[in-house]
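# Secondary and tertiary structure notes
Read off the chains here:
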Amino acid sequence: MELTPIFSHTIEVADADIDFLGHASNLAYLRWVQEVAIAHSEAVGLDYEAYRKLGGVFFIRRHEIDYLRPALRGDKLEVRTWVDSVAAAKTNRRTEVKRESDGKILAKASTIWGFVDVVSGRPTRIPEIIRTAFTKRSPE
């Protein structure tokens, strides 16, 4: 099995994203990383309600973001994400933020998502239905 191909989400840097230095704040990048992960999950049929019905939800355990270049007000960005690896109760998701006008990568992120039982809050194995949603089988 291979992991899913890259999921892409387009955004425009808004006034609210700009910090006192005149470019997108670190918090904006962090929000974009989370938003594209959620959009990817919803695109494969797993919204919050679907996770609740399955008895578990993902939460962020760790973010690493490398800020490479600034994003400016009005820039159109392609935020790309993919699931890089899956373990028993966690996944590693990669994200890139790319400016559409010149194709430059502005930031790269790696996020570890833990999977927990909705009742106990304790780590639990990621169900096969979720693993399958983020993978595609190679033709045999």
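Before reading further, recall that the structure is shown in the block above.
Reference entry: report on the structure contained in this document. (Residues numbered from 1 in each chain as written. Predicted model: local features only at pLDDT ≥ 70, side-chain atom pairs only at ≥ 80, totals over all residues. Heavy atoms only, no water.)

Attention now goes to the pairing of strand S6 (residues 105-117). A large share of S6 lies buried, amounting to 10 of its 13 residues. Here nine bridges tie strand S5 (residues 90-99) to S6, and the two strands are oriented antiparallel to one another. Across the sheet, the residue bridging to Arg94 is Ser110, located in S6. What sits between the antiparallel neighbours S5 and S6 is a turn of five residues, in which Gly103 has the positive phi angle 75°. (Buried < 20%, exposed > 50% of the residue type's maximum accessible area, 1.4 Å probe, protein only. Helix = DSSP H or I, 4+ residues; strand = E, 2+ residues; numbered from the N terminus. Pairing = 2+ DSSP bridges.)

Among the 10 residues of S5, seven are classified as buried, and the element is accordingly described as predominantly covered. As defined by bridge partners, strand S4 (residues 76-86) adjoins S5 across nine bridges and the pair is classed as antiparallel. The residue of S5 that forms the bridge with Glu78 is Lys98.

Take the environment of Glu64 next. Here Glu64 shows up in strand S3 (residues 56-67). We classify Glu64 as partly exposed; its relative accessible area is 43%. With 58 residues separating them along the chain, Glu64 and Arg122 place their C-alpha atoms 23 Å apart. For Glu64, the contacting residues outside a window of four places in its chain are Lys108, Ala109 and Ser110. At 2.8 Å, the side chain of Glu64 forms a polar contact with the side chain of Arg62. (Contact = heavy atoms within 4.5 Å. Polar contact = N/O pair within 3.5 Å; in protein donor to acceptor, adjacent residues only side chain to side chain.)

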